[in-house]
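# Residue-level structure breakdown
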Amino acid sequence: MLQFAPIKIEDREIFERHSYALGEGSCDMAFANIFCWAHLHNPEIAKWGDFIFIRFGGVNGKSHTYMEPIGAGDNITAFKMLSEYVSSLNEPFKMAGMSANFAEKIRSSIPFCGYYLYPKRSQFDYIYNADYLRTLSGKKLQPKRNHINTFKKLYNFTTEPLSASHKDDVLKLLEEWREGKENADLEAYESERKTIIRGMDNFEALGLRGLALYVDGDLAAFTYGSAINNNTFCIHIEKGSSRYERSFAMINYLFANSLPSQYCYINREEDLGIQGLRDAKLSYQPIMLYPKFNLIEIIGNEDKIEEIKRSTEGVEIAMLWHEAFGDDEEVIDYYISKIRPLGKSYILRDRDAIVATADMFNFVGSYGKCSYIYGVATKSDYRGKGYGKALMKDIFECLYRNGANRCMLIPGSDRVANWYISQGFSKVSEQPISLINDYDYDFGREEGDLNTPQYRVINVEEYLAEYAKLYPEASFSVTVRDEVLLPNNATYRVEEGYVKKVADSECNNPLNVSELFDAYPIKEDSYFMVRMFR
């Protein structure tokens, strides 16, 4: 039976021995964070073989929440043991802040009928290349360099390594900050103040490292943090006085330059879902967002899980988009919040994880509707296993039921274009198109000459009927083969502006559905989004 006890400063050595062995870069793996926020989270620690376990909560009748097992051994066995222990307490099993590596192990190793696993965007850490923060090089960080230069011109400043001796100046700055914030959340302020006091009182014992920035003998800003592992340093606290312009930018820059070169990465922790904080962290151009996952036991939490599913779907899709397309978070957030709700979304899951997604929009041109498929993405380790094909089949069948006769998309590469041909799409058209909408969102690609689509006939009879009306002089028979939409498999006669199905014996012109659009194209220069259908 596990024996949990309140975490103590003496636990730092065993914690870091196990956390360094695990090798994850999460801010949750900083002992100083766990210890200094103890008044809020009530952390407890237990030892088991080559692992330690950390849990939070358990106060006022509330159940506990656990971190992933910390250690370098068989963490799936450790997870199962922990699950059995929690079950013996008659508590729901909850785990928070799990790394992507461990979440993937759980998905692939544990029968998942009893748990729901989901990403928590507000808990994602912001990871930066330390050299970028030391030099602020590049066009995107030019505004930060301007801030530094402004501070240097305005103030006569000095710096000192932060230590426990700076406690009085630190508390004075905090009080000044509180007095300047009439609408500040005082409860949150007092909680953070307690955290900082505990950090300052145990500065050396926690292995903290910081910097104090003074202007004419007055503390203008301070910051401190601790190492997570041998190459990643985590910033825990950063505060600046509003009386000094650009003090935050300056302390950030100076502290990054004061860190030993062994730290290749700097973790600036989470944004807690606070938009202003998120914008500030994004403005420094993180090289990655460190994803973290939560787990909750299904039994007794069904309603809560449905709520979580709705709130986290966008997070999973954003992660998948970033992996598939490399778009930055601002672009993805805009698309998911503003554009995606206008269309119909398709999702495939493996257990609880979204592994493939696509969206469909309805554009209208001079020749009527032509549904546009956009954002087709499959998780990298699920590619080549039929998930993309299954997703396309769902889309085609939905379009067929809704009366569409064709759809289109813009392939991202020649390799992708060939895959779409295997799904019934035509070759890439030579004629570029424009996709215009009220939100000024570019559904194509930035280079106009690359906005060349592929088309897919959805309902062959309806498509040929449209073609016959446009070209009443056309006269031909064609036998169509479609491996996905089986009702399309027939022989069709086009004549005098009409189409009808005829016996196969009347035709010696067999075409795969992917060849149909190329043989009998209905093309136009541009499409205008006028409405959506779901």
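Our subject is the structure that appears above.
Quick look at the structure, then.

About the thresholds
- Residues numbered from 1 in each chain as written.
- Predicted model: local features only at pLDDT ≥ 70, side-chain atom pairs only at ≥ 80, totals over all residues.
- Heavy atoms only, no water.
- Helix = DSSP H or I, 4+ residues; strand = E, 2+ residues; numbered from the N terminus.
- Buried < 20%, exposed > 50% of the residue type's maximum accessible area, 1.4 Å probe, protein only.
- Contact = heavy atoms within 4.5 Å.
- Areas by Shrake-Rupley, 256 points an atom, 1.4 Å probe, with all protein chains shown as cover.
- Lys, Arg positive; Asp, Glu negative; His and termini not counted.
- Charge placed at Lys NZ, Arg CZ, Asp CG, Glu CD.
- Pairing = 2+ DSSP bridges.
- Axes fitted to C-alpha atoms, helices over the stretch in contact; angles between N-to-C directions.
- Parallel < 35°, antiparallel > 145°, perpendicular 65-115°, else oblique.
- Nonpolar A, V, L, I, M, F, W, Y, C, P; charged D, E, K, R; others polar.
- Patch = residues over 30% accessible without salt bridge, like charges linked within 9 Å, V, L, I, M, F, W, Y side chains within 5 Å.
- Salt bridge = Lys/Arg side-chain N within 4 Å of Asp/Glu carboxyl O.
- Right-handed = clockwise from strand over helix to strand, strands pointing away.
- Left-handed = near helix turned anticlockwise from the far one by under 90°.
- 1 Å grid on protein atoms, 1.4 Å probe; cavity = no way out; pocket = protein on both sides within 12 Å on 5 of 7 lines; lining within 4 Å.
- Points joined across faces, edges and corners; volume = space filled by probe spheres on them.
- Core = buried A, V, L, I, M, F, W, Y, C linked by side-chain atoms within 4.5 Å.
- Phe/Tyr/Trp six-rings, centres within 6.5 Å; stacked < 30°, edge-to-face > 60°.

Counting secondary structure elements, the protein chain contains 17 helices and 25 strands. Based on the C-alpha atoms only, the size of the protein chain along its principal axes is roughly 95 × 60 × 40 Å. Counting all 534 residues of the protein chain, 51% fall into the buried class. Intrachain contacts of the protein chain at a sequence separation of at least 6 include 70% that bridge at least 24 residues. Accessible surface for the protein chain amounts to roughly 25300 Å². Of this, 48% is attributable to carbon and sulfur atoms. Of the charged side chains in the protein chain, 62 are positive and 77 negative; the average position of the first set lies 1 Å away from that of the second.

Once that is clear, we can look at the sheet that holds strand S10 (residues 218-227). With mixed pairing, the seven strands of this open sheet are ordered in space as S8-S9-S10-S11-S12-S7-S13. Edge positions in the open sheet fall to strand S8 (157-162) and strand S13 (288-290), since each of these has one partner strand only. Ignoring which end each strand starts from, the neighbouring axes of this sheet average 30 degrees apart.

Taken N-terminus to C-terminus, the directions of helix H8 (residues 167-179) and helix H9 (residues 186-201) make an angle of 170 degrees; their axes are 11 Å apart at the nearest point. Between H8 and H9, the crossing angle belongs to the class labelled roughly antiparallel. Packed against H8, whose contacting residues are Lys167, Val170, Leu171, Leu174, Glu175, Trp177 and Arg178, the element H9 presents Leu186, Tyr189, Arg193, Ile196, Ile197, Met200 and Asp201 at the interface. Considered class by class, the residues forming the contact of H8 with H9 number nine nonpolar, no polar and five charged.

Turning to a negative patch on the surface, a few remarks are in order. Where like charges cluster on the molecular surface, the negative patch consists of Asp279, Asp328, Glu330 and Asp333. On the secondary structure map, Glu330 appears in helix H13 (residues 329-339).

So, about unusual backbone geometry. Positive phi is not limited to glycine here, since Asn90 has a value of about 60 degrees. For Asn90, a relative accessible area of 73% puts it in the exposed group. One non-glycine residue with positive phi stands out, namely Leu136, at about 55 degrees.

This brings us to the pairing of strand S23 (residues 498-502). Across five bridges, the pairing between strand S22 (residues 490-495) and S23 is antiparallel. Bridge pairing in S23 links Glu495 to Tyr498. Counted between consecutive antiparallel strands, the loop separating S22 from S23 contains two residues, among which Glu496 sits at a positive phi close to 55 degrees.

Below, the discussion takes up the pairing of strand S17 (residues 368-378). With respect to burial, S17 is a largely interior element, eight of its eleven residues being buried. In this sheet, S17 lies alongside strand S16 (residues 353-365) in antiparallel orientation, the contact comprising nine bridges. When the bridges of S17 are listed, Asn362 appears paired with Ser371. Hairpin geometry of S16 and S17 is characterised by an intervening segment of two residues between the two adjacent antiparallel strands. In this structure, S17 lies alongside strand S18 (residues 406-409), joined through two bridges in parallel fashion. Looking across to S18, one finds that Tyr372 is bridged to Met408. At this point the chain moves from S17, through helix H14 (residues 387-401), to the parallel S18, and the crossover so formed is right-handed.

Before going further, it helps to examine the packing of helix H12 (residues 302-325) against H13. The geometry of H12 relative to H13 is characterised by a closest axis approach of 10 Å and an angle of 135 degrees between their N-to-C directions. On the basis of the axis angle, H12 is oblique to H13. In the packing of H12 onto H13, the handedness of the crossing is right-handed. Where H12 approaches H13, its residues Gly314, Ile317, Ala318, Trp321 and His322 are matched on the opposing element by Ile332, Tyr335 and Ile336.

We now examine empty space enclosed by the protein. Evaluation of the coordinates by the stated rule reveals three cavities of 30 Å³ or more. The space that makes up the largest cavity amounts to roughly 50 Å³. Lining the largest cavity are Ala32, Asn33, Cys36, Trp37, Thr195, Tyr224, His236 and Ile237. At the level of elements, helix H2 (31-36) and strand S11 (232-240) are the ones that each hand at least two residues to the lining of the largest cavity. Element by element, the count of residues in the lining of the largest cavity is highest for H2, at three residues. Classifying every residue of the lining of the largest cavity gives five nonpolar, three polar and no charged. Along its surface, the second largest cavity is lined by Leu174, Trp177, Tyr189, Glu192, Arg193, Ile196 and Lys239.

It is worth spelling out the nonpolar core at this point. Grouped together as the largest cluster of nonpolar side chains are 43 residues, with contacts concentrated most on Leu435, Phe443, Leu464, Val478 and Leu516. A total of five residues in this core trace back to one element, the largest contributor, which is helix H16 (residues 460-470). With 37 residues, the next largest nonpolar core counts Ile7, Phe31, Ile34 and Ile54 among its residues.

Within this structure, the stated rule accounts for 34 aromatic pairs. Summarising the aromatic geometry, the rings of Phe203 and Tyr224 are spaced 5.8 Å apart at their centres and angled 75 degrees between planes, so their arrangement reads as edge-to-face. In this pair, Phe203 sits in the loop between H9 and strand S9 (209-215) while Tyr224 sits in strand S10, placing the two residues 21 residues apart along the sequence. Judged by relative accessible area, which is 3%, Tyr224 ranks as buried. Measuring from ring centre to ring centre gives 4.1 Å for Tyr455 and Phe517, while their planes differ by 10 degrees; the resulting arrangement is stacked. Residue Tyr455 is located in strand S20 (residues 454-457), and its partner Phe517 is located in helix H17 (residues 513-519); the two are separated by 62 residues in the primary sequence. A relative accessible area of 1% places Tyr455 in the buried class.

Another point: the environment of Asp131. Tracing the sequence through the fold places Asp131 in helix H6 (residues 130-135). For Asp131, a relative accessible area of 46% translates into the label partly exposed. Asp131 sits 93 residues away from Tyr224 along the chain, and the two C-alpha atoms are 18 Å apart.

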